[in-house]
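Here is what each chain is made of, one letter per residue.
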Amino acid sequence: RKLLDCSATQSLLPAVATAILLLEAFYIAPKLYIRAKAQIVEGFDGVSNDDMTTAEQSTIVTLRDDAVNKSQKIPSSKWHFVYVLLELIKVLCLNIFVSSL
């Protein structure tokens, strides 16, 4: 409990939470977004155009073109685990910070 009473530690906790937020927003979220788009396109691969509306066809073409143009590897599913783990750490930091006020 003595460690949490230190003012340096109290100011460090929100800084850690902010750093996690920035990491999630600028590094992890784009990876998850690319993965989600790839999974949507993959899910529609076996569906014929007759079974889709014009809007769905247009969306799939756009997503497919985007995936081809970027020609990047689909990020691993481990990024979901990393995201959830960082969220838990962020909540823990903020909870400790608020309870020490």
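Residues numbered from 1 in each chain as written. Predicted model: local features only at pLDDT ≥ 70, side-chain atom pairs only at ≥ 80, totals over all residues. Heavy atoms only, no water.

(A) Just the overall build of the chain, in detail. When its secondary structure is counted, the chain shows four helices and zero strands. Helices (α) and strands (β) of the chain occur, in sequence order from the N terminus, as α-α-α-α. Among the 101 residues that make up the chain, the fraction classed as buried is 21%. Accessible surface for the chain amounts to roughly 7,300 Å². Of this, 64% is attributable to carbon and sulfur atoms. (Helix = DSSP H or I, 4+ residues; strand = E, 2+ residues; numbered from the N terminus. Buried < 20%, exposed > 50% of the residue type's maximum accessible area, 1.4 Å probe, protein only. Areas by Shrake-Rupley, 256 points an atom, 1.4 Å probe, with all protein chains shown as cover.)

(B) Structural detail: the side chain of E24. On the secondary structure map, E24 appears in helix 2 (residues 7–43). Judged by its relative accessible area of 3%, E24 is buried. Apart from residues no more than four positions distant in its own chain, E24 is found in contact with A29, P30, Y83, L86, E87 and K90. (Contact = heavy atoms within 4.5 Å.)

(C) Highlighting the nonpolar core. Core analysis: the biggest nonpolar cluster contains five residues, these being I20, I28, L32, W79 and L86. At the level of secondary structure, the elements contributing two or more residues to this core comprise helix 2 and helix 4 (78–99). No other element matches the three residues that helix 2 contributes to this core. Beyond its immediate stretch of four places on either side in the chain, I20 contacts L86, I89 and K90. (Core = buried A, V, L, I, M, F, W, Y, C linked by side-chain atoms within 4.5 Å.)

(D) Spatial organisation of the pattern of salt bridges. The final tally for this structure, using the stated rule, is two salt bridges. Across the salt bridge formed by E24 and K90, the nearest N and O atoms sit 3.1 Å from each other. Residue E24 is found in helix 2, and its partner K90 is found in helix 4; the two are separated by 66 residues along the sequence. With respect to burial, E24 and K90 carry one shared label: buried. With its nearest N and O atoms 2.8 Å apart, the salt bridge here joins E87 to K90. On the criterion of helical spacing, the pair formed by E87 and K90 is a turn pair, its members being three residues apart in helix 4. Residue classification places E87 among the partly exposed residues on the basis of a relative accessible area of 25%. Assessed through its relative accessible area of 12%, K90 is described here as buried. In the salt-bridge network here, residues are joined through shared partners; they are E24, E87 and K90. (Salt bridge = Lys/Arg side-chain N within 4 Å of Asp/Glu carboxyl O.)

(E) Focus on the packing of aromatic side chains. This model, assessed by the stated rule, comprises one aromatic pair. Taking 5.5 Å as the distance between ring centres and 75 degrees as the angle between the ring planes, the aromatic pair formed by Y27 and W79 counts as edge-to-face. You can see Y27 sitting in helix 2 and its partner W79 sitting in helix 4, a full 52 residues away along the chain. A relative accessible area of 42% places Y27 in the partly exposed class. (Phe/Tyr/Trp six-rings, centres within 6.5 Å; stacked < 30°, edge-to-face > 60°.)

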